[in-house]
Amino acid sequence: MQHPNDTSSHGINGNRSLLKLSLGALGIVYGDIGTSPLYAVRECFHGEHAVRATSANVLGVLSLIFWSLTIIITIKYTLYVLRADNKGEGGILALMALVTGGERNSRRALLLVLLGLFGSALLYGDGMITPAISVLSAVEGLKVAAPNLGFLVIPITIAILIGLFAVQKRGTSSIGAMFGPITFVWFCSIGLIGLVNIFEHPYVLTAAIPTHAIAFLSEHGAQGMITLGSVFLAVTGGEALYADLGHFGRKPIQLAWFALVFPALSLNYLGQGALLIADPSAAESPFFQMVPSWALYPMVVLSTLATVIASQALISGVYSLTSQATMLGFLPRFDVQHTSVEERGQIYVPFVNALLMVATIGLVLGFRSSQGLASAYGVAVTLTMLITTVLAYFMARDRWGWSLPRALAITVLFLAPEACFAVANTSKISDGGWFPLTLGAAIFTIMVTWKRGRALLFQRFQEQLLPLDEFFDLMHVERPARAPGTAVFMIGSRDGTPPALLHNFVHNHVVHQNIVLLTIVYDDSARVSSADRYQVEELAHGFRRITGHYGFIEKPDVPKLLARAGIIHSLEHTTFFLGRENLIVTDRPGMARWRAGLFALMARNAQSATKFFKIPPDRVMEIGAQVEL
């Protein structure tokens, strides 16, 4: 007998699930933007390019911060861009895949792909700078709490970063449950501290009037644009909001923002402004100067925990970005380890982890203060945000069917402030902003070189590929011996004979009784449904062709695929034949010699196909071949 309150009970359970996901989103999604109050206001009023902390200037800067959060984070990311989900997945690569829709031959599609790649490449720089500036800015609270311990800031920061990267291989599942509650306490604390200071100077609330922002920029001219580069620090982390769409979904991310994050950030920024109006000398560290003396040490500890969580979110984002780029064919195969059997998005990439750790510690030692790092921070993120806005325009026009005026209006709303931020951040290039730009350019070069190299390699194989029909004719003439068992040959083309099969036939004069020609195709969608996972085609002479389809966040499992398709029932009588290419760099047309050398280097150091496709090593035979690039 059905309980009369079943529907209500279901609704309660649904609400509980929404609240649980929203709590989890606080740490993973909003960790980066949530720790910006540690340094954003300080950079505007303290340092070489700072403005004086007068009442008018404070209100102007606060107005800029408030409306930046409103337009870029609230309207653009939370309400607009989050709608662009690629089968539940988000991020700039997912958006690029949606916009191009698999058609990459046209000039427009090629340009959009290049834009998406460059935007994703720039995020690697963000992934390196965020842990450094976040943890360093939190530990610098020691200088306020105990000035005599200031010499320990750098060693403690490095120790925390080493510990952070060392535990990555254990995955976030074991500590993930702590992220939400700690970040919840963080947002409640910073909101409360800000509110206390607002009570002392409630006039600061008028900063919500946009005329203060307009007046500030009009009065200060070029200096105002430089300050705008520091204001931008308040909205860094917007890209992480979109990238983590697949982990939590749109509603929990939106609920967390509107119910807690946005109010807490606004109150804290306004509170810092109220403090500066009362005491301009507090500009050196307005966040910690706001905190009562009895709460300084707990706040240093809490802010350090919050920044570690923020760093974890960016590190995980770089892992996901690497995995997506690999599946889309823009990076070589990496060793990607899944750290949770329940959460498919929790992965660990050892090579990328080591690279991030070395780069992050190097940044701390090189810049030695969060203020120094702030000069390098924001340049790359601004460009990524601009690219996301451009891609979202084509999403609105082509996929959502928006009219031209409507799509243009919303795009201009975002492009106008983001373009101003981009111009403002150009002043940072000489002071350290060159680092993320140089890194982004290097990773972009690697991505396009790998993609071009794979296409050129495929072309070289096609030039000497024997059509399958001619191979069948050859079998009629040669009458090779048929060995028992099943042989699986992986091939990128559906039109020819796998080189490994041809070489085995020519040298050994033998063909297995059952031949499987396997092609793995990576779709532009995040996931592929079970019904579309594979197609099987029966051919002559005991040959079968199977095409397996995977999304860009899925990792292929070849034995599982073949078993599911009914091709094999046991690996005991199955042999996988794989080709191993020895790439020779030549002056042949197709790619510059230095790029060919770079591609050959990446190919030699890529993860083996055996491990990547989860093929048992003892069931693999590799046949080498030389290929001229």
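Conventions and cut-offs
Residues numbered from 1 in each chain as written. Predicted model: local features only at pLDDT ≥ 70, side-chain atom pairs only at ≥ 80, totals over all residues. Heavy atoms only, no water. Axes fitted to C-alpha atoms, helices over the stretch in contact; angles between N-to-C directions. Helix = DSSP H or I, 4+ residues; strand = E, 2+ residues; numbered from the N terminus. Parallel < 35°, antiparallel > 145°, perpendicular 65-115°, else oblique. Contact = heavy atoms within 4.5 Å. Nonpolar A, V, L, I, M, F, W, Y, C, P; charged D, E, K, R; others polar. Salt bridge = Lys/Arg side-chain N within 4 Å of Asp/Glu carboxyl O. Buried < 20%, exposed > 50% of the residue type's maximum accessible area, 1.4 Å probe, protein only. Pairing = 2+ DSSP bridges. pLDDT = per-residue confidence, 0-100. Phe/Tyr/Trp six-rings, centres within 6.5 Å; stacked < 30°, edge-to-face > 60°. Lys NZ or Arg CZ within 6 Å of the ring centre and 35° of its normal.

**Quick notes on the packing of helix α10 (residues 211–220) against helix α11 (residues 222–231)**
The geometry of α10 relative to α11 is characterised by a closest axis approach of 5 Å and an angle of 125 degrees between their N-to-C directions. Judged by the inter-axis angle, α10 sits oblique to α11. Of the residues in α11, those in contact with Phe216, Leu217 and His220 of α10 are Ala222, Gln223, Gly224 and Thr227. Class assignment of the residues belonging to the contact of α10 with α11 gives a composition of three nonpolar, four polar and no charged.

**Section: the pattern of salt bridges**
The tally for this structure, following the rule as stated, stands at six salt bridges. As a salt-bridge pair, Arg108 and Asp398 come within 2.8 Å of each other at their nearest N and O atoms. With Arg108 in helix α6 (residues 107–139) and Asp398 in helix α19 (residues 379–399), this residue pair connects regions lying 290 residues apart in the sequence. By relative accessible area, Arg108 is classed as partly exposed at 40%. A salt bridge links Arg545 to Glu537, with the nearest nitrogen and oxygen atoms 3.3 Å apart. Ionic contacts of the salt-bridge type, sharing partners, join the residues Arg42, Glu43 and Glu140 into one network.

**As for the pairing of strand β3 (residues 481–490)**
On a regular strand, each side chain points to the face opposite its neighbour's, so the side chains alternate between the two faces of the sheet. Inspection of the sheet shows β3 paired to strand β4 (residues 510–522) by eight bridges, in the parallel sense. Residue Ala483 lies in a different strand from β4, and its bridge partner there is His512. Both β3 and strand β7 (residues 574–584) contribute to a ladder of four bridges, which runs parallel. Each residue of the ladder has a partner; that of Ala487, found in β7, is Thr575.

**Digging into the confidence of the model for the protein**
When the pLDDT values of the protein are averaged, the result is 84; 94% of them are 70 or greater. Helix α1 (residues 6–28) is the least confidently modelled element of the protein, averaging 65 in pLDDT, while helix α4 (residues 55–80) averages 94, the highest of any element. Within the model, the stretch residues 1–10 combines pLDDT values under 50 with zero contacts to residues more than four positions away or in other chains.

**A few points about the sheet that holds β4**
Strands sit in the order β5-β6-β4-β3-β7-β8 across an open sheet of six strands; the sheet is mixed. Each edge of the open sheet carries a strand with a single partner, namely β5 (534–538) and β8 (620–628). Neighbouring strand axes in the sheet, compared pairwise and without regard to direction, differ in orientation by 25 degrees on average. Relative to the sheet, helix α22 (residues 468–478) contacts β3, β4 and β6 (543–550), its axis offset from that of β6 by approximately 150 degrees.

**Considerations on the packing of aromatic side chains**
Under the defined criterion, the tally for this structure stands at 21 aromatic pairs. Relative to Trp402, the ring of Tyr80 lies with its centre 5.8 Å away and its plane at 45 degrees, an arrangement referred to as tilted. Of the two residues, Tyr80 sits in helix α4 while Trp402 sits in the loop between α19 and α20 (404–425), which places them 322 residues apart along the sequence. Overall, Tyr80 belongs to the buried group, its relative accessible area being 5%. Aromatic pair Trp257 and Phe262: ring centres 5.1 Å apart, planes at 10 degrees, arrangement stacked. Each of the two residues, Trp257 as well as Phe262, counts as buried. Seen from the ring of Trp400, Arg83 lies directly overhead, with NZ or CZ sitting 4.5 Å from the centre. For Lys451, the ring lying beneath its charged end belongs to Phe330, and the centroid distance is 4.8 Å.

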